[in-house]
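Here is what each chain is made of, one letter per residue.
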Amino acid sequence: MSDVSISSRSAAGERSSPKQTGISSTLVLALGTFAVGTDAFVVAGFLPSMAGSLHTSSQAAGQSITVFAAAYAVLSPVLATLTARLPRRSLLVAALVVLGLANLGSALAPDLPVLIASRVLAAAGAAAYTPNAGAVSASLVRPEQRARALAVVVGGLTVATALGVPLGNLASHWLGWRTALSLVAALCLLVAVGLRLIMPALPGNARVPLRTRMAVLRRPAVLAILPLTVLGMGASYTAYAYSVPVLEAVHIPSGGILWMLFLYGLGAVIGNLAAGYATDRWGSVRVLTAGYVSMALALGLLAWIAAAHGSWQPAVGLLVLLWGASSWCQTPPQQHRLIDAAPQEAPLVVSLNSSGIYLGIGLGTVIGGATLSTGAATVYALGAVLAAVSLLFLRVTAHMSARGH
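Residue numbering note: each chain is counted from 1, following its sequence as written. Owing to the predicted nature of the model, reporting of local features is limited to residues with pLDDT of at least 70; listing and counting of side-chain atom pairs is limited to 80 or more, with chain, interface and lining totals taken over all residues. The basis for the side-chain values is all heavy atoms of the structure; hydrogens and waters are excluded.

The protein appears in an unreviewed UniProt entry as MFS transporter from Streptomyces mexicanus. Recorded in UniProt under Subcellular location (unreviewed entry), the annotation for the protein is "Cell membrane". UniProt positions are given in the numbering used here, feature names are shortened, and annotations may be inferred rather than shown by experiment.

Listed below in structure tokens is the structure:
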């Protein structure tokens, strides 16, 4: 996700890139990030039907999201080190092929263990693709076009949040979840072919040892910031990983869940864009404070509606929109804080922030899965509590992180 934003700095390492080809060349890279984002989040849209097919519970099937997130978080810095010297086109094509084959494996999985193994493989492909897509997009255009190129690539991920998950839910409803994952696999393989045909050859980069990459974690300011990413994403994903059953608990019919997922995605896009502007204008801490207050309020009210067994669909729609916006408003200000804390290691700390995002997704999925059997009200309430804890952590550590650099 957010790791693509490091590339405006890391692109300097690709001075030997070929002739600039224009921002339109990045569209195929954005299609790849759309496929990656859809793959990462689509399971939440059809979790109950997948669990039924595999003869397991929604809680157990939800651990496939946990495994994907944890594997991405761990593999991202490791693969960045191991693949640094590989030609960029070959690396991106191989990453998408791995992702496509992994999705085919998931679509054909006869049981939960095979599904889990295929999700680990998918995480490896995603972790190899996403950071490098941003770096390559920046190297394919003139310097004054780099910000727009990065916006196009990041746009693939935000569009996946807004459209990929609802479309996956729709495809699984009409065609089945296996077909939905097969379509994601086909998209990955199609983009791999497009990259091979369209993208020019680019050399690899200098290899940075993993120990050097991780040394930045010894900085007190960085250590004061990164845990907030894990807590904040955990707060959101406690309920979102199980969005179908928890939305049904607030009396959203099966046909209406698709629209609720669209509203969440719309909120995510709005929150991400607004947070970038607001961070520049009012500062990271104020934006994050507003985000966590909004998330705690949205999830807390959803918990109350679930417990009251009432039916307030318009209100639920507004709360889901606010939930999506508050979830995805975190990344720009967190990146800004990390870059301020370690400006010389900006690519590394923002990449670690991406690992923190996926660790948070894994944390939230574990918490949600462990408590889903007690009712959706509990799941929503725990998300609200985690959002409040995130706010407390922010206020306690804000001065520490500001002094740390």
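A.B. asks: Any chance you could break down helix α4 (residues 58-82) for me, citing the residues and the numbers?
C.D. replies: Residues separated by three or four positions in an α-helix point in the same direction, a consequence of the helix having 3.6 residues per turn. Each helix is a run of DSSP H or I of at least 4 residues and each strand a run of E of at least 2, with the numbering of both proceeding from the N terminus. Expected span of a helix, by definition, is 1.5 Å for each gap between consecutive residues, and there is one gap fewer than residues. With 25 residues, α4 ought to run about 36 Å at 1.5 Å a step, and its terminal C-alpha atoms sit 36 Å apart, in line with that. Maximal helix bending in α4 amounts to about 40°, located at Leu75; proline Pro77 follows within four positions. The reported bend at a residue is simply the angle between two axes, fitted to the 7 residues ending at it and to the 7 residues beginning with it.

A.B. asks: Could you give me a rundown of the nonpolar core, with the residues and numbers involved?
C.D. replies: Generally speaking, a soluble globular protein has its nonpolar side chains buried in company with each other. What is meant by a nonpolar core is a set of buried Ala, Val, Leu, Ile, Met, Phe, Trp, Tyr and Cys residues, joined one to another through side-chain atoms within 4.5 Å. Burial classes: relative accessible area under 20% of the type maximum marks a residue as buried, over 50% as exposed, and values in between as partly exposed (1.4 Å probe, protein chains only). With 103 residues, the main nonpolar core has Leu195, Trp323 and Tyr380 as its most contacted residues. The split into domains, and so the bounds of each, comes from an automatic or database assignment of domains. The residues that make up this core include at least three from each of domain 1 (22-207) and domain 2 (209-404). Among all residues touching Leu195, those that are not within four sequence positions of it are Val28, Leu29, Arg89, Leu92, Val93, Leu96 and Tyr129. Ile225, Leu226, Ala341 and Val349 belong to the second largest nonpolar core, which has 12 residues in total. For this analysis, residues touch if any pair of their heavy atoms sits within 4.5 Å.

A.B. asks: Pulling in residues and values, what's your account of the side chain of Thr397?
C.D. replies: Of note, Thr397 is situated in helix α17 (residues 376-403). Within 3.5 Å is the distance limit for a polar contact, defined as a pair of N or O atoms, with the added protein rule that one can donate a hydrogen and the other accept it, and that residues adjacent in sequence qualify only through two side-chain atoms. From its side chain, Thr397 meets the backbone oxygen of Ala224 in a polar contact 3.5 Å long. Leave out the neighbours within four places in its chain, and Thr397 touches Ala224 and Arg337.

A.B. asks: So what's going on with the packing of helix α12 (residues 254-282) against helix α14 (residues 313-328)? Which residues, and what values?
C.D. replies: Where α12 contacts α14, the two axes come as close as 6 Å, and the packing angle between them is 40°. Between α12 and α14, the angle falls in the class oblique. For the crossing formed where α12 meets α14, the hand is right-handed. Between α12 and α14, the residues in contact are Met260, Leu263, Tyr264, Leu266, Gly267, Ala268, Gly271 and Asn272 and Gln313, Val316, Gly317, Val320, Leu321, Trp323, Gly324, Ala325, Ser327 and Trp328, respectively. Amino acid classes used here: Ala, Val, Leu, Ile, Met, Phe, Trp, Tyr, Cys and Pro are nonpolar; Asp, Glu, Lys and Arg are charged; the rest, including Gly, are polar. Among the residues forming the contact of α12 with α14, the class breakdown is 11 nonpolar, 7 polar and no charged. Inter-axis angles, ranging from 0 to 180 degrees, are taken between N-to-C directions of lines fitted to C-alpha atoms, where helices are fitted over the stretch in contact. Angle categories are assigned with fixed cut-offs, so that under 35 degrees is roughly parallel, over 145 is roughly antiparallel, 65 to 115 is roughly perpendicular, and the rest are oblique. Helix crossings fall into two classes, left-handed where the near helix is turned counterclockwise from the far one by less than a right angle and right-handed where it is turned clockwise.

A.B. asks: Which residues make up a nonpolar patch on the surface, and what values go with them?
C.D. replies: Patch membership requires over 30% relative accessible area and the absence of a salt bridge. Like charges are linked within 9 Å, and nonpolar side chains (Val, Leu, Ile, Met, Phe, Trp, Tyr) within 5 Å. Only the protein chains shown count as cover for residues, and the accessible areas themselves come from Shrake-Rupley with a 1.4 Å probe. The term salt bridge refers to a pairing of a side-chain nitrogen on Lys or Arg with a carboxyl oxygen on Asp or Glu at a separation within 4 Å. On the surface, Val159, Leu163, Leu167, Leu170, Trp174, Leu175 and Leu183 cluster together to form a nonpolar patch covering roughly 670 Å² of accessible area. By residue number, the principal contributor to the nonpolar patch is helix α7 (residues 146-175), which donates 6 residues. Overall, Leu167 belongs to the partly exposed group, its relative accessible area being 42%.

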